[in-house]
Amino acid sequence: MLRLQRVEPSAALWADRAAYPDRLIFHTPEWISFVAQCQKAEPVLATVTDGATPVGHFTGLITKKYGLRILGSPMAGWTTSYLGFNLDPAVPRRSALRALLPFAFSELGCAHAELRDRFLTGTDLAAPDLAGLGLHWDSAPTAVINLEPPEDDLFAAMSGACRRNIRKAAKSGVTIEEVTGDPAFADEFYDQLRDVFAKQNLVPTYSVERVRSLIRHLSPAGRILLLRARDPEGRSIATAVLPWHHTTMYFWGGASYREHQHLRPNETLIWHALRWARARGVTEFDFVGGNSYKSKYGTTEVAVPWVRRSRSPLVARLREAARQGFALKQRAAARLTRAG
């Protein structure tokens with residue numbers, strides 16, 4: 001029988017967590033601090049034990065909505081792809097999930113909990129021992145690229161149109177810069193992001209301060225790659241924000257000005273990032289989502305379930321109302337921006 005026990009952060013704890021092979025950048029102190037600051041959330045670190053034997057760790061954060069305590073590991077809207085567990089390879093993830101429920105609702109006193117663990121599968125959730133626990137989940141696919149093949153093979157796996165666009169950008173004089181120590185980068189990225197959302201009559205779902213916070217937290221540890229594409233005249237026309245750690249790089253965000261997209265800077269940014277990551281021993285590139293346009297890069301789709309449970313049906317309805325309210329707020333903000 002597994003059990004979760006909340007613990008305080010310490011150097012020894014972080015060292016132990018960093019030894020697990022399933023560790024992700026989202027489990028690092030830098031990332032947790034980033035989310036805590038942006039969401040005004042309380043970090044929750046817990047050890048997973050089997051009897052008296054430690055077999056893993058759990059990471060989450062508590063926020064308050066409508067006066068209720070909500071445990072996110074993570075929550076949608078946190079620009080955090082996964083959290084969940086770090087576990088000994090012999091420990092089933094569904095067993096850890098089962099142990100999480102009394103921890104979340106009894107020990108932490110939460111009214112709602114959500115989890116997206118990179119290594120939890122739909123098969124796990126369909127297991128008989130999880131039946132009757134009141135879990136709801138949605139398939140949330142992501143697109144990944146295996147970076148282990150030779151560089152020429154990675155390029156050949158892309159669609160013909162994608163390869164042509166990368167060659168066209170080079171012939172057009174598009175250049176890629178690796179950005180360090182530029183305080184204006186976040187504002188530059190965000191201005192391009194606004195242009196991306198404007199194309200869909202929307203506004204970005206987060207503020208420029210979140211971009212600044214991400215860079216501020218991850219840069220000192222060297223866990224983020226910032227890229228800028230310039231046109232032949234030296235103007236910035238596209239940018240990308242790419243956290244990375246251990247074996248994986250993530251496409252946290254990319255943006256470009258519509259008027260310069262004929263130069264194809266976006267494909268060139270991705271190609272540069274793939275080669276940069278591969279040269280540093282990274283074995284997987286995660287696009288953090290499964291949109292169809294990403295398939296041109298030779299991706300494989302991986303389903304990563306988003307699991308949730310509410311203490312009562314009322315809390316579940318409040319959660320859905322909050323989600324719909326956010327979407328309405330975003331569309332209203334876009335209309336006001338256009339009117340201004």
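Given the structure is predicted, the values throughout are model-derived calculations rather than measurements. (Residues numbered from 1 in each chain as written. Predicted model: local features only at pLDDT ≥ 70, side-chain atom pairs only at ≥ 80, totals over all residues. Heavy atoms only, no water.)

Asker: So what's going on with the packing of helix α6 (residues 160-171) against helix α9 (residues 265-279)? Which residues, and what values?
Answerer: Interhelical geometry of α6 versus α9 gives an angle of 95° and a closest axis separation of 8 Å. Considering the angle they form, α6 stands roughly perpendicular to α9. In this structure, α6 uses Cys-162, Asn-165, Ile-166 and Ala-169 to contact α9, whose residues at the interface are Glu-267, Thr-268 and Trp-271. Here the contact of α6 with α9 is composed, by residue class, of four nonpolar, two polar and one charged. (Axes fitted to C-alpha atoms, helices over the stretch in contact; angles between N-to-C directions. Helix = DSSP H or I, 4+ residues; strand = E, 2+ residues; numbered from the N terminus. Parallel < 35°, antiparallel > 145°, perpendicular 65-115°, else oblique. Contact = heavy atoms within 4.5 Å. Nonpolar A, V, L, I, M, F, W, Y, C, P; charged D, E, K, R; others polar.)

Asker: Lay out the environment of Arg-309 in plain terms, naming residues and giving numbers.
Answerer: On the secondary structure map, Arg-309 appears in strand β16 (residues 306-310). When its relative accessible area of 27% is taken as the criterion, Arg-309 is described as partly exposed. Once the C-alpha coordinates of Arg-309 and Val-208 are considered, the two residues, 101 residues apart in sequence, prove to be 32 Å apart. Sequence-distant contacts of Arg-309, defined by excluding residues within four places in its chain, comprise Leu-101, Phe-105, His-112, Ala-113, Leu-133, Gly-134 and Leu-135. A distance of 3.1 Å separates a polar side-chain atom of Arg-309 from the backbone oxygen of Leu-133. (Buried < 20%, exposed > 50% of the residue type's maximum accessible area, 1.4 Å probe, protein only. Polar contact = N/O pair within 3.5 Å; in protein donor to acceptor, adjacent residues only side chain to side chain.)

Asker: Tell me about the confidence of the model for the chain, and please be specific about residues and values.
Answerer: When the pLDDT values of the chain are averaged, the result is 92; 92% of them are 70 or greater. When the criterion is pLDDT under 50, residues 330-340 qualifies, and its contacts beyond four places in sequence or with other chains add up to twelve contacts. (pLDDT = per-residue confidence, 0-100.)

Asker: Please provide a residue-by-residue account of α9, values included.
Answerer: The end-to-end C-alpha separation of α9 is 21 Å, in line with the 21 Å expected for 15 residues at 1.5 Å each. Summarising burial for α9: eleven of the 15 residues are buried, a large majority. Looking at α9, one finds that the buried residues are Pro-265, Glu-267, Thr-268, Leu-269, Ile-270, Trp-271, His-272, Ala-273, Leu-274, Trp-276 and Ala-277. (Expected span 1.5 Å × (residues − 1).)

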